[in-house]
Amino acid sequence: MKQIIIITGAGKGIGKAIALEFARATGTQKGFEPVLILVSRTISDLESVASECRSFEATADIFQADIADTAQIERLVSTTLERYGTIDCLVNNAGVGRFKPLADMTEEDFDYTMSTNLKGTFFLTQRVFAIMEERKAGHIFFITSIAAEIAFKSSSIYCMSKFGQKGLVEAMRLYAKECNVRITNVMPGAVYTPMWGEVPDTMKSVMMRPEDIAAPVVGAYFMPQRTSVEELVLRPVCGDINE
Ligand SMILES: NC(=O)c1ccc[n+]([C@@H]2O[C@H](COP(=O)([O-])OP(=O)(O)OC[C@H]3O[C@@H](n4cnc5c(N)ncnc54)[C@H](OP(=O)(O)O)[C@@H]3O)[C@@H](O)[C@H]2O)c1
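Remember, it's a predicted structure, so these values are computed and weren't measured experimentally.

Draft legend 1. Expanded view of the pattern of salt bridges. Taken as a whole and assessed by the stated rule, the structure comprises 14 salt bridges. Put simply, K166 and E149 hold a salt bridge, and the shortest N to O gap is 3.1 Å. Of this pair, K166 sits in helix α5 (residues 156-176) while E149 sits in the loop between β5 (138-143) and α5, and the two are 17 residues apart along the sequence. A residue is classified by how much of its surface remains accessible, and E149, at 44% relative accessible area, is partly exposed.

Here it is in structure tokens:
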């Protein structure tokens, strides 16, 4: 059966790994025919991920959009509905972070982070949830972070945004349980992705990899419809490594 799955931030890192894990399931989950709508601001990344997904026989469609812009959110959702008729799953993964001491944070850092992590995530969720609410089915993932519960000194604005996303997750649960929609909050610790830029080898060697997050996310999607995996908390074995 066709499953329409929107993944934001699918061009790199964790979002890319989730797209590929769903694509791989085309051959292993009986009757699963994913239509992956891959979203980010960089079209070349999306083209490359889509081509990898297609190598597993998944359908992959790319959509260049900045989720910080509500007009682009509307265009993403209405085009998806025109092309495919519905949305079964939304993976709210797109996120940004600027990591530096408190005193160096600027208004631009604040607006940039909040406009994607909070504003974009909120308005895309609001728009997609209305579709799921009407059909009384769907699954929304939020890739938040352990920084949604624990503060790190270099991450003041990022932590604010992630604590805020957790607030949205909790609010969404109140709506979702009334209409058979599943909500999963995914809270990873340090994952080696482009978000980190250059990292020393000693740190790289202990960090998780994007596929370590993707596998349980897709596993949660394939749980029986009666069961909602509410939270996934994933950490490097050595614990949190960013102070
Ligand atoms: N890496 C970690 O250690 C870690 C740990 C916990 C949680 N997380 C969370 O996991 C998510 C993915 O992180 P990552 O490490 O995979 O980051 P990443 O490697 O930097 O990838 C982020 C993806 O999101 C896209 N994106 C960013 N802002 C966007 C926007 N406004 N509109 C559309 N797409 C946007 C980026 O593409 P473009 O720039 O081309 O748009 C990119 O494809 C984030 O929410 C992050 O906070 C990461």
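Draft legend 2. Here's a closer look at the pairing of strand β7 (residues 231-234). Here β7 shows a buried face lined by L232 and L234 and an unburied face lined by E231 and V233. Pairing of strand β6 (residues 181-188) with β7, which is carried by four bridges, proceeds in the parallel orientation. Bridged to M187 within β7 is V233.

Draft legend 3. Layout of the site of the ligand. Taken together, 29 residues form the shell around the ligand, and within it R41, T42, Y158, V191 and T193 come nearest. A distance of 2.5 Å is found between an oxygen atom of the ligand and a side-chain nitrogen or oxygen belonging to T193. Computed on the free molecule, the ligand has an accessible area of 880 Å², of which 94% lies beneath the protein chains in the complex. Among the elements of the structure, α1 (13-28) and α5 are those that each provide at least two residues to the shell around the ligand. Partitioned by chemical class, the residues of the shell around the ligand number 13 nonpolar, twelve polar and four charged.

Draft legend 4. Seen up close, helix α7 (residues 210-221). Its twelve residues place the ends of α7 17 Å apart at the C-alpha level, agreeing with the 16 Å of an ideal helix rising 1.5 Å per residue. Among the residues of α7, those classed as buried are P210, I213, A214, V217, V218, A220 and Y221. Looking straight down α7, one finds that the buried residues subtend no more than 150 degrees of arc, so they occupy a single side. Residues of α7 that are buried in the fold lie against β1 (2-8), α1, β4 (89-92), β5, β6 and β7.

Draft legend 5. Representation of the sheet that holds β4 in the model. An order of β3-β2-β1-β4-β5-β6-β7 is seen for the seven strands of this open sheet, with the pairing classed as parallel. In this open sheet, the two strands that pair with only one neighbour each are β3 (59-64) and β7. Between one strand and the next, the sheet's axes are offset by a mean angle of 15 degrees, whatever the strand orientation. Here helix α4 (residues 107-135) sits on the sheet and contacts β1, β4, β5 and β6; the angle it forms with β4, its principal contact strand, is near 165 degrees.

Draft legend 6. View of the packing of α1 against α7. Interaxial distance between α1 and α7 falls to 8 Å at its minimum, and their mutual angle equals 50 degrees. Regarding the angle of α1 to α7, the classification is oblique. In this structure, the crossing between α1 and α7 has a hand that is right-handed. Residues G13, I14, A17, I18, E21 and F22 of α1 form the contact with α7, whose own contacting residues are P210, E211, I213, A214, A215, V217, V218 and Y221.

Draft legend 7. Examining the packing of aromatic side chains more closely. For the coordinates displayed, the defined rule picks out eight aromatic pairs. On the basis of an interplanar angle of 90 degrees and a centroid distance of 4.9 Å, the ring pair of F122 and F123 is categorised as edge-to-face. Under the relative-accessibility criterion, F122 is labelled partly exposed at 35%. With a centroid separation of 6.4 Å and an interplanar angle of 75 degrees, the aromatic rings of F129 and Y175 are classed as edge-to-face. Of this pair, F129 sits in helix α4 while Y175 sits in helix α5, and the two are 46 residues apart along the sequence. Given a relative accessible area of 49%, Y175 falls into the partly exposed group. Aromatic ring contacts, followed pair by pair, group F22, F32, Y221 and F222 into a single cluster.

Procedures and definitions
Residues numbered from 1 in each chain as written. Predicted model: local features only at pLDDT ≥ 70, side-chain atom pairs only at ≥ 80, totals over all residues. Heavy atoms only, no water. Salt bridge = Lys/Arg side-chain N within 4 Å of Asp/Glu carboxyl O. Helix = DSSP H or I, 4+ residues; strand = E, 2+ residues; numbered from the N terminus. Buried < 20%, exposed > 50% of the residue type's maximum accessible area, 1.4 Å probe, protein only. Pairing = 2+ DSSP bridges. Near = heavy atom within 4 Å. Polar contact = N/O pair within 3.5 Å; in protein donor to acceptor, adjacent residues only side chain to side chain. Areas by Shrake-Rupley, 256 points an atom, 1.4 Å probe, with all protein chains shown as cover. Nonpolar A, V, L, I, M, F, W, Y, C, P; charged D, E, K, R; others polar. Expected span 1.5 Å × (residues − 1). Arc of directions from axis to C-beta. Contact = heavy atoms within 4.5 Å. Axes fitted to C-alpha atoms, helices over the stretch in contact; angles between N-to-C directions. Parallel < 35°, antiparallel > 145°, perpendicular 65-115°, else oblique. Left-handed = near helix turned anticlockwise from the far one by under 90°. Phe/Tyr/Trp six-rings, centres within 6.5 Å; stacked < 30°, edge-to-face > 60°.

By themselves, these are just geometric observations and shouldn't be taken as functional.
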